[in-house]
Amino acid sequence: MAIVDVTVIPLGTETPSVSKYVASVQKILKRYEAEGKIHYQLTPMNTIIEGDLPVLFEVIQAMHEAPFSEGIQRVATTIRVDDRRDVKRSMEYKVDKVNSLLQE
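Quick look at the structure, then.

Quick notes on the rules
- Residues numbered from 1 in each chain as written.
- Predicted model: local features only at pLDDT ≥ 70, side-chain atom pairs only at ≥ 80, totals over all residues.
- Heavy atoms only, no water.
- Helix = DSSP H or I, 4+ residues; strand = E, 2+ residues; numbered from the N terminus.
- Buried < 20%, exposed > 50% of the residue type's maximum accessible area, 1.4 Å probe, protein only.
- Areas by Shrake-Rupley, 256 points an atom, 1.4 Å probe, with all protein chains shown as cover.
- Lys, Arg positive; Asp, Glu negative; His and termini not counted.
- Charge placed at Lys NZ, Arg CZ, Asp CG, Glu CD.
- Polar contact = N/O pair within 3.5 Å; in protein donor to acceptor, adjacent residues only side chain to side chain.
- Contact = heavy atoms within 4.5 Å.
- Salt bridge = Lys/Arg side-chain N within 4 Å of Asp/Glu carboxyl O.
- Expected span 1.5 Å × (residues − 1).

Take the overall build of the protein next. Secondary structure summary: the protein contains three helices and four strands in total. Sequence-ordered secondary structure for the protein, helices as α and strands as β, is β-α-β-β-α-β-α. In terms of its C-alpha atoms, the protein occupies a principal-axis envelope of roughly 50 × 30 × 20 Å. The 104 residues of the protein split such that 32% are buried. Carbon and sulfur atoms provide 54% of the accessible area of the protein, an area that totals close to 7000 Å². Side chains of the protein carry 13 positive and 15 negative charges; the gap between the two charge centres is 1 Å.

Time to look at the side chain of T47. Following the sequence through the fold, T47 ends up in strand β3 (residues 47-51). Within the structure, the side chain of T47 is placed 3.1 Å from the side chain of Q26, a separation counted as a polar contact. When neighbours within four sequence positions are excluded, T47 is seen to be in contact with V4, D5, V6, Q26, L29, Y40, Q41, L42 and M63.

Right, let's talk about the pattern of salt bridges for a bit. The tally for this structure, following the rule as stated, stands at five salt bridges. Across the pair K37 and E35 runs a salt bridge, and its minimum N-O distance is 3.4 Å. For E35, a relative accessible area of 44% gives the class partly exposed.

Before going further, it helps to spend a moment on the side chain of D5. Structurally, D5 is set in strand β1 (residues 2-11). Given a relative accessible area of 13%, D5 falls into the buried group. A distance of 2.5 Å separates the side chain of D5 from the side chain of R80, its partner in a polar contact. Not counting residues up to four positions away in its chain, the partners in contact with D5 are N46, T47, I48, T78, I79 and R80.

Turning our attention to helix α1 (residues 19-34). The end-to-end C-alpha separation of α1 is 22 Å, in line with the 22 Å expected for 16 residues at 1.5 Å each. Listing the buried residues of α1 in full gives Y21, S24, V25, Q26, I28, L29 and Y32. Where the residues of α1 are buried, they touch β1, β2 (38-42), β3 and α2 (53-69). With its phi angle positive at about 75°, G36 sits one or two positions after the end of α1.

This is the structure:
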């Protein structure tokens with residue numbers, strides 16, 4: 001299982017706000033999560049997704065395409081992939097591990 005962080009940036013929007021585009025992307029993620037294919041977390045600056053790498057790339061492509069379907073002509077998407085194959089660790093496990101070390 002891999003974990004990716006993804007930021008989709010629509011360029012040339014009518015206003016500085018991009019929340020409506022973020023909401024469109026989140027709807028895509030909710031659909032994939034409802035199908036049991038991914039788990040995700042929205043943050044103030046990006047979205048973190050975990051799942052099988054081929055599925056994640058499919059999801060990222062759908063996310064990248066979303067602003068185009070709303071009339072945007074240019075989109076910049078950044079992706080960072082953490083693909084550890086010796087053990088399976090969830091997003092929550094990684095955060096919990098650091099928090100437990102802070103308690104020592």
